[in-house]
Amino acid sequence: MSSSSGAALIAQALQELGVKVIFGLVGIPVVQIAEEAIALGIRFIAFRNEQAASYAATAYGYLTGKPGVCLVVGGPGVLHAWAGIGNASANAFPLLLLAGSSETHLVTKGAFQEMDAITLLSPHTKISIRSTIDSIPESLTNAYKTAWYGRGGPTFVDLPADVIQGDGEKTMAYAVPEPPKAASDPEKIRVVAQLLKSAKAPLVIVGKGAAYAQAESVIRKLIDETRIPFLPTPMGKGVLPDSHASNIASARSTALKGADVVLILGARLNWILHFGDEPKWNSAVEICQVDISAEELGKNNGDASLGIVGDIKVVTSQLLNELEGWQYDTSSDFVRALKASEKKNVAKAAKSAKVDSTPMTYERTFDVIRETIDAISPVEDGGVVYVSEGANTMDKSRSAFNVEHPRLRLDAGTYATMGVGLGYAIAAHCAYNLPSPEAASGPESSRKKVVCLEGDSAFGEDSDAWLEMQRNTIEGKSKGALRSSSLGWEVGYENIAKMCGGKGYLVRTPEELAKATEEGFKANVPVVVNVIIQAGQAQKLEFAWQNNSKKAKKDSKL
Ligand SMILES: Cc1ncc(C[n+]2csc(CCOP(=O)(O)OP(=O)(O)O)c2C)c(N)n1
């Protein structure tokens, strides 16, 4: 058998594992791996910052349904990419992080970028392995498989320089079949189906786990046949079309408060779902949670005895069989209350979307962008991926933009991570637009546009107020001084696009915004539309869905 360099063996392993894209930032000693990978036809998407590269790989994993791969140098490269490890772990996205490290015989000598990454990352990954030249196949296949199988998450392989630069032999094939899909115990299916049938106010919650599991067809069938109202989580949007008649996203609070039996498909009872707890939820609610991870069941206010472990696609089709012929009577008080609340909230949103002021409000801004984009790319075509982060920016845009197909909306997610936007946008472009794309959504197989709706983290004083606060700060006054969120008030972000060969627009009015959005959407270069909106909309830095259940419970007793 002929020998090859460690770098060539690693690249070959990645190719045989089916890896088509690697996100990363190279240096000594990993550059050889990237070059070998490129020679084998793998796309290497080079970043200027590991944090963004690691975020991109996590989103790529989510969109494609298999591990995203990120390659970085050791020491500082790993520290920067650690952000992606945390993000993958919190969101249950499959991520394989590969990093170089210093030569094994130089450990503790102060070698180049020396750091014990295994000790650092072990508590935060499903598995962290240091490969030797002989264990490259086992290390990579195990790490790839572990990121993918069960609940998705991050895994790590440390590749010392002497392994990358050494010579070894290929000893086995690198093959990891699709993860096996577990069905539920049929008795549990009967119990849950019975509960749903007997419910006065049933509700289905569709989470991003359902989008990741690519369970859209069977969930659509479940909702179409049973007519149970459903509520998508922020990234669960699109598993079922937002325009679906049973979508009660606009009556979210009424739904959570009123539902007596809730079937949760691929969402966790964490802060985004208020821990399944009062006062947001009905105190007598029975929660039937379907999750790939048994450890997730019974968490917070969940009921482990009603929990179903299994693949969402398989379990939903089991439930569908068990519920065959049954339909929820939608003339119920629950549906009436949902419709009334929906009507009120939709009217309120429509009114605020038309408020005519300069600077524009968030709602007006999003309304103009939505109208312009919808006219060019009808929402039912699924030709747009929305990426969104920020507090108000994300909260308000979530309901302003309809999504009709799954995996077309990425946001700050379970970790509420500000800073994912650019990496996610690049990942979405790669997942949907590279030749032989690895992700699919909607009827259009043509290229998708990626539209990022980004806050800039600035609190937003106007220029006079900001300068006055700056003066107070310089004079050492604490009263009326700059606040912790007082970033510059009118940063020229549009120039960044121009600096990178793209187009930039600075806009203040609906007309300017519509024109810039249309031109920008049609352009084939990166475009930044810098929209100056009304200042001081968010007095408090918080997400609309964030609340402290315990505190709220106490308050409700007053
Ligand atoms: C990594 C990270 N750093 C900081 C925060 C805290 N944080 C929450 S929202 C937010 C900024 C919100 O501002 P912006 O993006 O402009 O949105 P908007 O003003 O529209 O609410 C920050 C910094 C976070 N969630 N994640």
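As a convention, each chain's residues are numbered from 1 in the sequence order in which they are written. Selection of residues for local features in this predicted model requires a pLDDT of at least 70, selection of side-chain atom pairs for listing and counting requires 80 or more, and totals for whole chains, interfaces and linings are taken over all residues. Each side-chain value is worked out from all heavy atoms of the structure, with water and hydrogens disregarded.

### What to know about the packing of aromatic side chains
Only Phe, Tyr and Trp rings take part, Trp by its six-membered ring, and two of them pair if their centres are within 6.5 Å. Stacked means planes under 30 degrees apart, edge-to-face means over 60, and tilted covers everything else. In this structure the tally under the stated criterion is eight aromatic pairs. Relative to F93, the ring of Y62 has its centre 4.9 Å away and its plane inclined at 35°; by these criteria the two rings are tilted. Of the two residues, Y62 sits in helix α3 (residues 50-64) while F93 sits in the loop between α4 (76-91) and β5 (95-101), which places them 31 residues apart along the sequence. Categorising residues by exposure relies on relative accessible area from a 1.4 Å probe, with only protein chains included: less than 20% of the type maximum marks a residue as buried, more than 50% marks it as exposed, and the intermediate range marks it as partly exposed. Owing to a relative accessible area of 0%, Y62 belongs among the buried residues under this scheme. When the centroid spacing of 6.2 Å and the interplanar angle of 55° are considered together, the rings of W148 and Y149 count as tilted. Through a chain of ring-to-ring contacts, the aromatic side chains of Y362, F366, Y386 and F401 assemble into a single cluster. Charge-over-ring placement is defined geometrically: NZ (Lys) or CZ (Arg) within 6 Å of the ring centre, and within 35 degrees of the ring normal. Positioned above the aromatic ring of F521, the side-chain terminus of K449 is 5.9 Å from the ring centre. Strands here mean DSSP runs of E at least two residues long; helices mean DSSP runs of H or I at least four residues long; both are numbered from the N terminus.

### Side note on the sheet that holds strand β15 (residues 409-411)
We treat two strands as partners when DSSP finds at least two bridges between them. A sheet is described by the order of its strands in space; here three strands give the open sequence β15-β14-β16, paired in parallel fashion. The two strands at the open ends of the sheet, each matched to only one other strand, are β15 and β16 (449-454). The sheet shows a mean angle of 15° between the axes of neighbouring strands, direction not considered. The pairing of strand β14 (residues 384-389) with β16 spans six bridges and is classified as parallel. Its bridge partner lying in β16, V387 is registered against C452. Helix axes are fitted to C-alpha atoms over the stretch in contact, other axes to C-alpha atoms as well, and angles between N-to-C directions run from 0 to 180 degrees.

### Let's talk about the UniProt feature "domain: Thiamine pyrophosphate enzyme N-terminal TPP-binding" (unreviewed entry) in the chain
Following the UniProt record, one finds the feature "domain: Thiamine pyrophosphate enzyme N-terminal TPP-binding" (unreviewed entry) at residues 6-118. Secondary structure content for residues 6-118 is 47% helix and 18% strand, and the end C-alpha separation is 19 Å. UniProt positions are given in the numbering used here, feature names are shortened, and annotations may be inferred rather than shown by experiment.

### Observations concerning the nonpolar core
In this text, buried Ala, Val, Leu, Ile, Met, Phe, Trp, Tyr and Cys residues form a nonpolar core when linked through side-chain atoms within 4.5 Å. If you look at the biggest cluster of nonpolar residues, it comprises 129 residues, and the most contacted ones within it are F23, I205, I219, L263 and W281. With nine residues, the single largest contributor to this core is α3. Discounting chain neighbours no more than four positions away, the residues touching I205 are L231, T233, L256, V262, L263, I264, L265, A267, L273 and W281. Counting residues in hydrophobic clusters, the runner-up holds 16 residues, among them M360, L513, A516 and F521. Here, two residues are considered to be in contact whenever any of their heavy atoms come within 4.5 Å of each other.

### Looking at the packing of α3 against helix α16 (residues 421-433)
In contact at an axis separation of 7 Å, α3 and α16 are set at 40° when each is read in the N-to-C sense. Of the possible angle classes, the one that applies to α3 and α16 is oblique. Between α3 and α16 the crossing geometry is right-handed. On α16, the residues that touch A52, Y55, A56, T58, A59, Y60, L63 and T64 of α3 are G423, Y424, A427, A428, C430, A431 and Y432. Each residue is assigned to one of three groups, with Ala, Val, Leu, Ile, Met, Phe, Trp, Tyr, Cys and Pro labelled nonpolar, Asp, Glu, Lys and Arg labelled charged, and all others, Gly among them, labelled polar. A class-by-class count of the residues in the contact of α3 with α16 yields twelve nonpolar, three polar and no charged. In what follows, roughly perpendicular refers to angles from 65 to 115 degrees, roughly parallel to angles under 35, roughly antiparallel to angles over 145, and oblique to any angle outside these ranges. Should the near helix be turned anticlockwise from the far one by less than a right angle, the crossing is termed left-handed; should it be turned clockwise, right-handed.

### Concerning the site of the ligand
Residue proximity to a molecule or strand is established when one non-hydrogen atom of the residue lies within 4 Å of it. Lining the immediate environment of the ligand, one finds 13 residues, of which Y362, N392, T393, A416 and S457 sit closest. Contacts described as polar in this section are N or O atom pairs within 3.5 Å, which, within protein, must combine one atom able to donate a hydrogen with one able to accept it, while residues neighboring in sequence count only if both atoms come from side chains. Interatomic distance of 2.7 Å between a backbone N/O atom of A416 and a nitrogen atom of the ligand. Between M418 and the ligand, the recorded distance is 3.2 Å, taken from a backbone N or O atom to a nitrogen atom. A breakdown of the residues in the shell around the ligand according to their chemical character gives seven nonpolar, five polar and one charged.

### Concerning the domain arrangement of the chain
Taken domain by domain, the chain comprises domain 1 (3-169), domain 2 (186-340) and domain 3 (354-455 + 492-531). Just the C-alpha atoms count here: the centres of domain 1 and domain 2 sit 37 Å apart. Between domain 1 and domain 2 the total buried area reaches about 900 Å² when both faces are included, carbon and sulfur atoms providing 50% of it. Per-residue buried area on domain 1 facing domain 2 is highest for Y62, N91 and R151; these three make up 58% of the total on that side. The salt bridge definition used is simple: a Lys or Arg side-chain nitrogen within 4 Å of an Asp or Glu carboxyl oxygen. Counting across the interface, domain 1 meets domain 2 through one salt bridge. Note that E296 is salt-bridged to R151, the shortest N-O span being 2.5 Å. Among the secondary structure elements, those contributing two or more residues to the side of domain 1 that touches domain 2 are α3 and α4. Per element, the largest residue contribution to the side of domain 1 that touches domain 2 is four residues, and it comes from α3. Of the residues that constitute the side of domain 1 that touches domain 2, the class distribution is seven nonpolar, five polar and two charged. Delimitation of the domains relies on an automatic or database domain assignment. Using a 1.4 Å probe, buried area is obtained as the accessible area two parts lose upon being combined, added over both of them.

### Quick look at helix α10 (residues 216-226)
All of the buried residues along α10 are E216, V218, I219, L222, I223 and T226. Among the residues trailing α10, R227 stands out with phi positive, at a value near 60°.

### Quick word on the environment of G442
Here G442 lies in the loop between α16 and β16. For the pair G442 and L410, spaced 32 residues apart in the sequence, the C-alpha separation amounts to 16 Å.

### Brief notes about the side chain of N282
Locating N282 in the fold gives a position in the loop between β11 (261-265) and β12 (286-291). Of note is the side chain of N282, whose polar atom sits 2.9 Å from the backbone nitrogen of A284. Not counting residues within four places of it along the chain, the set of residues in contact with N282 comprises L256, K257, G258, A259 and D260.

### Observations regarding the sheet that holds strand β7 (residues 154-160)
The strand order β3-β2-β4-β5-β7-β6 describes an open sheet built from six strands, whose pairing is parallel. Looking along the sheet, the strands with just one partner apiece sit at the ends: β3 (43-46) and β6 (127-130). The mean inter-strand angle of the sheet, taken between neighbouring strand axes irrespective of direction, is 20°. As paired strands, strand β2 (residues 21-24) and β3 are joined by four bridges and run parallel to one another. Residue pairing across strands places F23 opposite I45, the latter belonging to β3. Contacting β2, β4 (68-72) and β5, α3 crosses the sheet at an angle of about 165° to β4.

### Concerning the UniProt feature "domain: Thiamine pyrophosphate enzyme central" (unreviewed entry) in the chain
Mapped onto this structure's residue numbering, the UniProt feature "domain: Thiamine pyrophosphate enzyme central" (unreviewed entry) falls at residues 190-319. In this annotation, residues 190-319 is assigned 31% helix and 16% strand; the end-to-end C-alpha distance for the span is 8 Å.

### Section: the pattern of salt bridges
Applying the stated criterion across every chain yields a total of 26 salt bridges. Among the ionic pairs, E518 bridges to K522, the shortest N-O distance being 2.8 Å. Of this pair, E518 and K522 are both found in helix α19 (residues 510-522), four residues apart, which corresponds to roughly one turn of the helix. The structure contains a network of salt bridges with shared partners spanning K354, R364, D367, R370, E371 and D374.

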